[in-house]
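Residues per chain are reported as follows:
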Amino acid sequence: MEFRLSLVLILVSLPAILAQDVGNTKKAGNVKVVVNGILAIARVDNNFICATIDWWNHEKCDYNQCPWGSASALNLNLSHPLLAKSIQAFNQLRIRIGGSLEDQLLYDVGNLKYPCHPFRKKSHGLFGFSRGCLPMSRWDELNQFFSKTRPIVTFSLNALSGRHLKSGGVWVGDWDSSNAYDFINYTVLKGYQIDSWEFGNELSGRGIGASVGAEQYGKDLIKLKHIINQLYNKSRTKPALVAPGGFYDQGWFAKLLQVSGSGIVNVITQHMYNLGAGVDPKLVSRILNPGYLDLASGTFHDLEQTVKKNGPWASIWVGESGGAYNSGGRNVSDTFVDSFWYLDQLGMSAKYNTRVYCRQSLVGGNYGLLNRTSFVPNPDYYSALLWHRLMGQGVLAVNSNASADLRTYAHCARGRAGITVVLINLSNDTDFIVNVENILDFNLGAHERNISKESYFKRSLKKTVSWVGRKALDKPVYREEYHLTPKNRNLRSKTMVLNGAPLEITKDGNIPELEPAHVLANSPLTISPLSIKFVVLPYFDAHYACA
């Protein structure tokens, strides 16, 4: 008990300890990063990285640009080998099928009341489109593709079915579940594997284009949960129920959880587009502005608190996030510079117990992880893949005396001992020399006397355990570094460079290997201006945090 109190005192005083060094740290000099290897502050799902497949077709245009082409779930080229390989590289990638048009999507199964037509431009339609329809032949094709590529699938259902528009974009009336029931039943009978069913898209609060009151939404979720339980009653596992897939509104989200009640909603999803409009000329400056990036933390914090208070049984996901809305920023969202925002969002959201983060999109718009015609990966694809392979589920607290330009996040290493640190250098003129330390390195002084002689912590503290650990004493110890820079130092390059080598599709048409540089553990750890580095420290002592 006394030892735990000692740890709490250290954690509370740690910022002050670090602050003592700030005045003596030069802009390009050494910085100290202290990682708490004792306690994890949050956890993410094993499949934290997620990408979306939308319903937008080639007629979706913004700012005189039409960047979607054939990227819709209705016509995406599922036979392209690079599409399959890009998903298989994650082993397994979480995929969410959904988007703005989903609340006008019908399913061509059962007693469908309307003709099954594709989405068409319609001047007075929601988002400027008519109703659309998913033929079961296409649903079969999608699931054959999923069987081959093995993603973890979330499907977002039409939540406006049966309702009518009242005024001001507000839709009222009970949800008509009949078409969704038939569709889910078809999916169950076919044996298609759906990890979770989501309900609606951006209908929370004031909504985007349309909204539904939280009380009505909550009642409809109870109905959908009953359908899932009924249709999956003979299944070994039941898909999770996910909602509301919208922008965070404190009162609305709290009411939804209160009305639906315990155990109905398994996952609360919010959408994030914190960079502004895709056409905004300030996109790059916002991405490189640490103060602006920090603003998103308030939303993550507030949603976490709302769920803790009103629905602690539910997990939290970012169900959709593309940085810039309206299809993303041309020559920004698909270039190297976007990874500063993307990786910072992944690291920041994880600290607030966001279990899954879905990137808009896998293909389509300017923010696709893959080029929409060639399926060649854009830079953010490699950022996502490295995160997935290197960052484990345990999220570790980090304190640093560096300037705000150095963003630092740490997780337990994925699938092995040690930790992985992500360094994001937003400065255009500062080389940071980073000294990563474990909180265990701090001398607890008299508090050691209160620890049992057999305690692991006492033995560790007496030996002043460093991140290289005791194994470093009898053989050379290396860390792994994955240094990411843009080709030709052009922040808007669509080619990412890893440890000096451009990441390009191999001659035989495969995703390139992401090989680390092996660096002696006692050599200086540096991060150059306007670059990103993943660093795996295999002997960092985080046994208790990562157990």
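See the structure printed just above.
Residues numbered from 1 in each chain as written. Predicted model: local features only at pLDDT ≥ 70, side-chain atom pairs only at ≥ 80, totals over all residues. Heavy atoms only, no water.

1. Side note on the overall build of the protein chain
Each helix and strand counted, the protein chain has 13 helices and 25 strands in total. The buried share among the 547 residues of the protein chain stands at 58%. Restricting to contacts in the protein chain with at least 6 residues of sequence separation, those with at least 24 account for 77%. Carbon together with sulfur atoms contributes 49% to the accessible area of the protein chain, which is approximately 22,600 Å² in total. (Helix = DSSP H or I, 4+ residues; strand = E, 2+ residues; numbered from the N terminus. Buried < 20%, exposed > 50% of the residue type's maximum accessible area, 1.4 Å probe, protein only. Contact = heavy atoms within 4.5 Å. Areas by Shrake-Rupley, 256 points an atom, 1.4 Å probe, with all protein chains shown as cover.)

2. Side note on the state of the cysteines
Counting across every chain of the model gives four disulfides. Each sulfur of the disulfide joining C50 and C358 lies 2.2 Å from the other. Taking the sign of the S-S torsion, about 85° here, the bridge from C50 to C358 comes out right-handed. Of this pair, C50 sits in strand 2 (residues 49–53) while C358 sits in strand 15 (residues 354–359); the two residues are 308 residues apart in sequence, bridging distant segments of the chain. Residue C50 is classed as buried on the basis of its relative accessible area of 1%. With its sulfur 2.0 Å from that of its partner, C116 forms a disulfide with C133. Between C116 and C133 the sulfur-sulfur dihedral comes to about -95°; the bridge is accordingly left-handed. (Disulfide = S-S within 2.5 Å.)

3. Some words on a nonpolar patch on the surface
A cluster of nonpolar side chains, namely Y63, V279 and Y325, defines an oily patch on the protein surface of about 270 Å² accessible area. Structurally, Y325 can be placed in strand 14 (residues 324–325). (Patch = residues over 30% accessible without salt bridge, like charges linked within 9 Å, V, L, I, M, F, W, Y side chains within 5 Å. Salt bridge = Lys/Arg side-chain N within 4 Å of Asp/Glu carboxyl O.)

4. Section: the layout of surface pockets
Counted as a void, the largest pocket has a volume near 620 Å³. Taken together, the elements giving at least two residues each to the lining of the largest pocket come down to strand 4 (105–108) and helix 4 (178–190). Per-element tally for the lining of the largest pocket: the top contributor is helix 4, with four residues. A per-class count over the lining of the largest pocket returns twelve nonpolar, eleven polar and seven charged. Its volume calculated, the second largest pocket comes out at about 390 Å³. Forming the boundary of the second largest pocket are 21 residues, of which K351, V398, L406, R407 and T408 lie nearest the centre. Contributions of two or more residues to the lining of the second largest pocket are made by helix 10 (338–351), strand 16 (391–400) and strand 17 (406–413). Grouping the amino acids of the lining of the second largest pocket by side-chain chemistry returns eleven nonpolar, seven polar and three charged. (1 Å grid on protein atoms, 1.4 Å probe; cavity = no way out; pocket = protein on both sides within 12 Å on 5 of 7 lines; lining within 4 Å. Points joined across faces, edges and corners; volume = space filled by probe spheres on them. Nonpolar A, V, L, I, M, F, W, Y, C, P; charged D, E, K, R; others polar.)

5. Some remarks on the nonpolar core
One finds W139 and F155 to be the most contacted residues of the largest nonpolar core, which totals 128 residues. Filtering out sequence-adjacent residues up to four positions away, W139 remains in contact with I97, L134, F155, F183, Y186, T187, Y192 and I194. Of all hydrophobic cores here, the second largest spans 21 residues; its members include L406, V434, L537 and A542. (Core = buried A, V, L, I, M, F, W, Y, C linked by side-chain atoms within 4.5 Å.)

6. Focus on helix 5 (residues 214–231)
Because an α-helix packs 3.6 residues into every turn, residues spaced three or four apart end up facing the same way. Taking 1.5 Å of rise per residue, 18 residues should cover 26 Å, and helix 5 covers 26 Å from first to last C-alpha, within 8% of that figure. Burial in helix 5 covers these residues: A214, Y217, G218, D220, L221, L224, K225, I227, I228 and L231. Looking at the buried residues of helix 5, the elements they touch are strand 6 (152–157), helix 4, strand 9 (196–199), strand 10 (240–246) and helix 6 (250–260). (Expected span 1.5 Å × (residues − 1).)

7. As for the packing of helix 2 (residues 81–88) against helix 3 (residues 136–149)
Close contact between helix 2 and helix 3 brings their axes to 9 Å; oriented N to C, the two are set at 50°. Classified by the interaxial angle, the pair formed by helix 2 and helix 3 is oblique. When you trace helix 2 past helix 3, the crossing you get is right-handed. For the pair helix 2 and helix 3, the contacting residues are L83, A84, I87 and Q88 in the first and F145, K148 and T149 in the second. Residues belonging to the contact of helix 2 with helix 3 are distributed by class as follows: four nonpolar, two polar and one charged. (Axes fitted to C-alpha atoms, helices over the stretch in contact; angles between N-to-C directions. Parallel < 35°, antiparallel > 145°, perpendicular 65-115°, else oblique. Left-handed = near helix turned anticlockwise from the far one by under 90°.)

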